[in-house]
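Structural characterization, general
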Amino acid sequence: MDTFKGLQKSLTTFGGQITPFASRTFQYTKEQLGQADDKTQLPPDYIDLEKRVDALKAVHQKMLAVTSQYSSEAYDYPPNIKETFQDLGRTVSEKVTLLSSATSPAEAQAALTAPPTAKPQPKTFAHAIARASLASSQTLHQQHTGAGEDPLATALEKYALAMERVGESRLAQDAQIQSRFLAGWNTTLNTNLMFATRARKNVEKSRLTLDAVKTRVKGNTWKIATSPRAETHEEAELSPEAQEEIEKAEDEFVTQTEEAVGVMKNVLDTPEPLRNLAELIAAQVEYHKKAQEILSELAPIIDGLQVEQEASRASAYSL
């Protein structure tokens, strides 16, 4: 028994000599092993704030995991197609301009494979449709031997020009989302919420320090398994120095807690996430509105070509 008491006294003395980090680690280990008698409890309001901050962080992580795709140009580019460097060399509009001046199939083919004048064209779904439509149009034009133009070839060329405009609108949408939504939400996640996390860690450090001080000055640094009678002891009255040390640790704990509460409230009350979300929606609305306008302009033209083709076909059969 005397050996156990001596060891416990030695641990108590050692607890007063170790560094604050080691003291906190010592206290944390005791708590994990169920050896801590009196763990300082955080206020219920503080716990509620922590839960709300954790929820906000989870929301940002989940949303950014999806919406970060707006930073990748090819997020909707078909994985099953293979376009060459020549396919991506010029815009559809440039190719149409070159094709309009071609006087032979060879010149038309040269227009489609003309050397690039700038960086490769965007790899988006709309741009891929545009390039495929223009190439298909030229395939039909080159094999057309009848009078006038092939109506399907003409329609595909017009569709190609329209889809390129749709693709450019999508890229404009993505740029707006990157600057007005993704930038803001990443700042909230990587800066504001990080500050809150740091403040909460400071609270936990000060709480562990406080409990470690309480345990040490009360001579209960570590429990040694003994008989039930040996566990019964009278708590000695604290010395003024010990009381002062506890009060100092308590003041630090209160200060860190109040600071963390302020930081967490600031993160939760900021209007930026909702404002950024509104910007995301506005960019999507603008893109879909523009796409609708472009295709609405094209639809009656294609319908007109269809009507003309059917009329011509009916006239041919009536002869």
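Up top is the structure these notes are about.
Bear in mind the structure is a predicted one, so any value in this text is a computation, not a measurement. (Residues numbered from 1 in each chain as written. Predicted model: local features only at pLDDT ≥ 70, side-chain atom pairs only at ≥ 80, totals over all residues. Heavy atoms only, no water.)

Within the protein chain, the regular secondary structure consists of 10 helices and 0 strands. Starting at the N terminus, the α and β elements of the protein chain follow one another as α-α-α-α-α-α-α-α-α-α. For the protein chain, the residues scored as buried account for 32% of the 319 residues in total. In the protein chain, the share of contacts with a sequence separation of at least 24, taken over all contacts with a separation of at least 6, comes to 85%. Entry remark: accessible area of the protein chain is about 19,700 Å², with carbon and sulfur atoms responsible for 56%. (Helix = DSSP H or I, 4+ residues; strand = E, 2+ residues; numbered from the N terminus. Buried < 20%, exposed > 50% of the residue type's maximum accessible area, 1.4 Å probe, protein only. Contact = heavy atoms within 4.5 Å. Areas by Shrake-Rupley, 256 points an atom, 1.4 Å probe, with all protein chains shown as cover.)

A few words now on the packing of helix H3 (residues 44-67) against helix H7 (residues 151-217). Running from N to C, H3 and H7 point in directions that differ by 150°, and their axes come no closer than 10 Å. Taken together, the axis directions place H3 and H7 in an arrangement best described as roughly antiparallel. The handedness of the crossing between H3 and H7 comes out as left-handed. Here Tyr-46, Glu-50, Val-53, Asp-54, Leu-56, Lys-57, Val-59, His-60, Gln-61, Met-63, Leu-64 and Thr-67 of H3 lie close against H7, whose contacting residues are Phe-181, Leu-182, Trp-185, Asn-186, Thr-188, Leu-189, Leu-193, Ala-196, Thr-197, Arg-200 and Val-203. Its residues placed into classes, the contact of H3 with H7 shows 13 nonpolar, 6 polar and 4 charged. (Axes fitted to C-alpha atoms, helices over the stretch in contact; angles between N-to-C directions. Parallel < 35°, antiparallel > 145°, perpendicular 65-115°, else oblique. Left-handed = near helix turned anticlockwise from the far one by under 90°. Nonpolar A, V, L, I, M, F, W, Y, C, P; charged D, E, K, R; others polar.)

Remark: helix H6 (residues 125-143) packs on H7, axes separated minimally by 7 Å, with the N-to-C direction vectors making an angle of 165°. Regarding the angle of H6 to H7, the classification is roughly antiparallel. Judged by the twist between their axes, the crossing of H6 over H7 is left-handed. By residue class, the composition of the contact of H6 with H7 is 13 nonpolar, 8 polar and 3 charged.

Going through the model one piece at a time under the given rule, you end up with 2 aromatic pairs. Summarising the aromatic geometry, the rings of Tyr-70 and Tyr-75 are spaced 5.6 Å apart at their centres and angled 80° between planes, so their arrangement reads as edge-to-face. Seen from their ring centres, Phe-181 and Trp-185 are 5.0 Å apart, and the 35° between their planes marks the pair as tilted. Here the residue Phe-181 and the residue Trp-185 both occupy positions in helix H7, the gap between them amounting to 4 residues, near one helical turn. (Phe/Tyr/Trp six-rings, centres within 6.5 Å; stacked < 30°, edge-to-face > 60°.)

Val-53, Ile-177, Phe-181, Leu-182, Leu-193 and Met-264 are the most contacted members of the largest nonpolar core, which has 26 residues in total. With 11 residues, H7 is the single largest residue contributor to this core. Those residues in contact with Val-53 that lie beyond four places of it in its chain are Leu-193, Ala-196, Arg-200, Met-264 and Leu-268. Counting residues in hydrophobic clusters, the runner-up holds 9 residues, among them Ala-126, Ala-162, Ala-291 and Leu-298. (Core = buried A, V, L, I, M, F, W, Y, C linked by side-chain atoms within 4.5 Å.)

Once that is clear, we can look at the pattern of salt bridges. Scanning all chains against the criterion turns up 9 salt bridges. For Asp-174, the salt bridge is made with Arg-170, and the minimal N-O distance between the two is 2.6 Å. Taken together, the residues Asp-174 and Arg-170, both in helix H7 and 4 residues apart, mark about one turn of the helix. Here the two residues Asp-174 and Arg-170 agree in accessibility, since each one is buried. Residue Arg-207 pairs with Glu-204 through a salt bridge whose shortest N-O separation is 2.8 Å. Note that Arg-207 and Glu-204 are positioned in helix H7 at a spacing of 3 residues, about one turn of the helix. A residue is classified by how much of its surface remains accessible, and Arg-207, at 3% relative accessible area, is buried. (Salt bridge = Lys/Arg side-chain N within 4 Å of Asp/Glu carboxyl O.)

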